[in-house]
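# An overview of the molecular structure
Here is what each chain is made of, one letter per residue.
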Amino acid sequence: MSTKTEPSFRESVDLMFNHAVALMDLPPGLEEKIRVCNATYTVRFGVRLRGKIETFTGYRSVHSEHMEPVKGGIRFAMGVNQDEVEALAALMTYKCALVEAPFGGSKGGLRIDPRQYEEHEMEQITRRFAYELAKRDLIHPSQNVPAPDMGTGEREMAWIADQYRRMNTTDINANACVTGKPAHAGGIQGRVEATGRGVQYALREFFRHPEDVAKAGMSGKLDGKRVIVQGLGNVGYHAATFLQHEDGCRITGIIERDGALFNPDGIDVESVRSWIVKHGGVTGYPDATHTASGAAVLEEDCDILIPAALEGVINMENANRIKAPLIIEAANGPVTAGADEILREKGTVIIPDMYANAGGVTVSYFEWVKNLSHIRFGRMQRRQEEARHQLVVDELSRLDEYLGDAWSMTPDFKEKYLRGADELELVRSGLDDTMRTAYQKMSQVWHERDDVKDLRTAAYIIAIERVSSSYRAKGL
Ligand code: NAD
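Calculation criteria
- Residues numbered from 1 in each chain as written.
- Predicted model: local features only at pLDDT ≥ 70, side-chain atom pairs only at ≥ 80, totals over all residues.
- Heavy atoms only, no water.
- 1 Å grid on protein atoms, 1.4 Å probe; cavity = no way out; pocket = protein on both sides within 12 Å on 5 of 7 lines; lining within 4 Å.
- Points joined across faces, edges and corners; volume = space filled by probe spheres on them.
- Helix = DSSP H or I, 4+ residues; strand = E, 2+ residues; numbered from the N terminus.
- Nonpolar A, V, L, I, M, F, W, Y, C, P; charged D, E, K, R; others polar.
- Expected span 1.5 Å × (residues − 1).
- Polar contact = N/O pair within 3.5 Å; in protein donor to acceptor, adjacent residues only side chain to side chain.
- Salt bridge = Lys/Arg side-chain N within 4 Å of Asp/Glu carboxyl O.
- Buried < 20%, exposed > 50% of the residue type's maximum accessible area, 1.4 Å probe, protein only.
- Contact = heavy atoms within 4.5 Å.
- Pairing = 2+ DSSP bridges.
- Axes fitted to C-alpha atoms, helices over the stretch in contact; angles between N-to-C directions.
- Patch = residues over 30% accessible without salt bridge, like charges linked within 9 Å, V, L, I, M, F, W, Y side chains within 5 Å.
- Areas by Shrake-Rupley, 256 points an atom, 1.4 Å probe, with all protein chains shown as cover.
- Parallel < 35°, antiparallel > 145°, perpendicular 65-115°, else oblique.

### Things to note about the layout of surface pockets
Approximately 250 Å³ is the volume found for the second largest pocket. Lining the second largest pocket are 16 residues; nearest its centre among them are L15, M16, A337, G338 and E341. Elements that contribute at least two residues to the lining of the second largest pocket include exactly α1 (9–21), α11 (337–346) and α17 (455–473). For the lining of the second largest pocket, the element with the most residues is α11, which contributes five residues. Classifying every residue of the lining of the second largest pocket gives six nonpolar, four polar and six charged.

Structure follows, in C-alpha cells:
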C-alpha cells in the first residue's frame, strides 16, 4: 500500500498538468500562467423560502481567458466548493483546446441539494444565482457562457437565459448567454444526449485503432463488450443506452447513489432508468442483483468501465483492485492522479475526461453559434440538397428501368438518399467528426513519442500547446 496521500481534485488536475508540461518546452513562466485559475468569484445570496431567508453559496471560476467567451457548466450539488470548481474550470480550458472549441475555461457551482426543493423554489434560487452572476458579467454571450452539469439541465438553463434576457432587454444575442437550453427556447437538437453520445463516438473511434485496443490487452470490436457504468444521470444514461442499442454492448453493472445492480447477462438500461424515475433509486429493481455497496461493483470484472457520476471514485485505495482493462472517464476527474499512476503501471488504458466528455461542450459550441447566427442549422440548404439528390435518383431510376432484372436500387436507398440532413443529423455529424479528429491527434502523440505513456498526457500536451500558442499570439 502506498504511503502517499490522496491529492484534492484541483491538485490532481495540477499534477497531471505538471506531468505533461515536464515533457514540453514552454517559454519560462508561461507554464505557471496557464496552470493557475485567473479568478474565482464567490457569491452569497439570500432567498426567502418557506417563511424564512435561506443563504446560498455559489461560485464561478474563470480559469483561462486566452479565448473569450469562457465556457463551462454550472453544477448544483452539496459537495460544491472552490477547489472543485477551480479544478473543473481548468479541465474546461484544456477540453475546449483539445476539441478546438474557441473558448476559454470556466465553471460554476451552487452548494445545494436540488432534491430538497420544489420546482418553484428551484426557479427562485436559480434565477437569483443567475442574477448575481449576470450582474458581474459572469453570464454573458461574449464573456462567459454556462451550460448544464451535475444537478442541472435544460430547465435551469431556460431560467438562466430568461433571467439574463430580463436584465438585458435590448441584447439581440441574449440567447447565446447560456447553452443547453430546451430546443423550444433557443436550444439545439441533440444537446441533451451530447455528452453521452460523445462517449459512444469516443469508444467507436478507440476501437477503430486496433493497436490502441491491443495496448489495453483487448481485441475485437465494441460489439459484445461488457460495460459497467457508474451514474445513470444525463451522461451515464445516454452513453449506456446508445452503447447497448446501437453498438451491441452488454451493460453488466449499473452503480447509483443507493447501491449497484449487477447481472452478467446484461441489464436493460431503459427499464432501470424508468425504475429510478418511479422509485428514486435502483433498490428493488427485479432483473439484477442489488448490492448496497456501489463501490464494490466498480471492481467487478468487465471490459469497459464508465465512471459517469462524480470525481475521485477511483483513487489510491481501490485502483489496484479495478479489473477493467479500459476506463472511459465520462465524469470529470473520476480517477485521481495517484490512481492514474497505479493504473498506468498496471497497463489499464484510460480515455481521459477532457476528451471523453467533450461532447457536451462541442454541441454547446454549435448551440452558441446557432444563437449568434439566429438561424437553425440546415434551414438554408436542406431542400436544395434534396433537389440535387432527386436528380441523381431520377437518373438511377432510368438505369433501373433500362437494366431490368440485371440491377435494381436497394429498396430504402431512395428514401435514405433523398432526405436532406436535419439539425439533429448535422449536430451528430459535427460531434462525430470532432471526436474522431481529437482522438486521432491524441493517439498520434501517444504513439509517436516514447516519453508519452498514456492518452491523458497526450491530451494535455495537445491542449497546452494550443493554449500556449494562443497566449504567445497575444504577446504573452
Ligand atoms: P446528473 O446529475 O445528470 O447525473 C449524475 C448521476 O450520478 C445521477 O444519476 C446520480 O444519482 C448519480 N450519482 C450521484 N452520486 C453518486 C454516487 N456516489 N454513486 C453513484 N452514482 C451517483 O449529472 P451529469 O450531467 O450526468 O454529470 C455527470 C458527470 O459528467 C459529472 O462529472 C459532470 O461534470 C460530467 N459532465 C457532464 C456534462 C453534461 O453535459 N451534463 C458534460 C461534461 C461532463
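That shown, we press on.
### Quick word on helix α3 (residues 82–98)
Taking 1.5 Å of rise per residue, 17 residues should cover 24 Å, and α3 covers 24 Å from first to last C-alpha, within 8% of that figure. The opening residue of α3, the one whose side-chain oxygen lies 3.1 Å from the backbone nitrogen of D83, is N81. Within two residues after α3, E100 carries a phi angle of roughly 55°, on the positive side.

### Quick word on the pattern of salt bridges
Taken as a whole, this structure holds 44 salt bridges when the rule is applied. In this structure, the salt-bridge partner of E311 is R75, at a minimum N-O distance of 3.1 Å. Of this pair, E311 sits in the loop between β10 (304–307) and β11 (326–328) while R75 sits in strand β3 (residues 70–77), placing them 236 residues apart in sequence. Across the salt bridge formed by R127 and D162, the nearest N and O atoms sit 2.9 Å from each other. In this pair, R127 sits in helix α4 (residues 119–134) while D162 sits in helix α5 (residues 154–167), placing the two residues 35 residues apart along the sequence. Overall, R127 belongs to the buried group, its relative accessible area being 13%. Through salt bridges that share partners, R10, D14, E32, R35, D83 and E86 make up one connected network.

### Some points on the side chain of T126
On the secondary structure map, T126 appears in helix α4. With residues up to four places along the chain from it excluded, the contact list for T126 reads F76, E156, W159 and I160.

### As for the sheet that holds strand β4 (residues 104–111)
Read from one edge of the open sheet, five strands run β1-β2-β4-β3-β5, paired in mixed fashion. Every interior strand has two partners, whereas the edge strands, β1 (39–49) and β5 (144–148), have only one. On average, each strand axis in the sheet is inclined to that of its neighbour by 25°, with strand direction left out of account. Looking at chain direction, strand β2 (residues 52–64) and β4 are connected through six bridges and run antiparallel. Counterpart to Y59 in the pairing with β4 is G109. Of the strands in this sheet, β1, β2, β3 and β4 are in contact with α3, which crosses β4 at around 150°. Sheet strands touched by α4: β1, β2, β3 and β4. Its angle to β1, the strand with the most contacts, is close to 140°.

### Digging into a nonpolar patch on the surface
On the surface, L399, Y402, L403 and W407 cluster together into a nonpolar patch covering about 420 Å² of accessible area. Within the secondary structure layout, L399 lies in helix α14 (residues 382–403).

### Topic: the packing of helix α16 (residues 423–448) against α17
In contact at an axis separation of 8 Å, α16 and α17 are set at 110° when each is read in the N-to-C sense. One way to sum up the angle between α16 and α17 is to call them roughly perpendicular. Packed against α16, whose contacting residues are Y439, K441, M442, S443, V445 and W446, the element α17 presents L455, A458, A459, I462 and R466 at the interface.

### Here we look at unusual backbone geometry
Residue P69 is bonded to the preceding E68 through a cis peptide linkage, with omega at 5°. Counting through the fold element by element, P69 comes out in the loop between β2 and β3. In this model, D137 sits at a positive phi of 60°, which is unusual for a non-glycine residue. For D137, the location among the structural elements is in the loop between α4 and β5. The exposure class assigned to D137 is partly exposed, which follows from its relative accessible area of 36%. The phi torsion at H374 lies on the positive side, around 60°, for a residue other than glycine.

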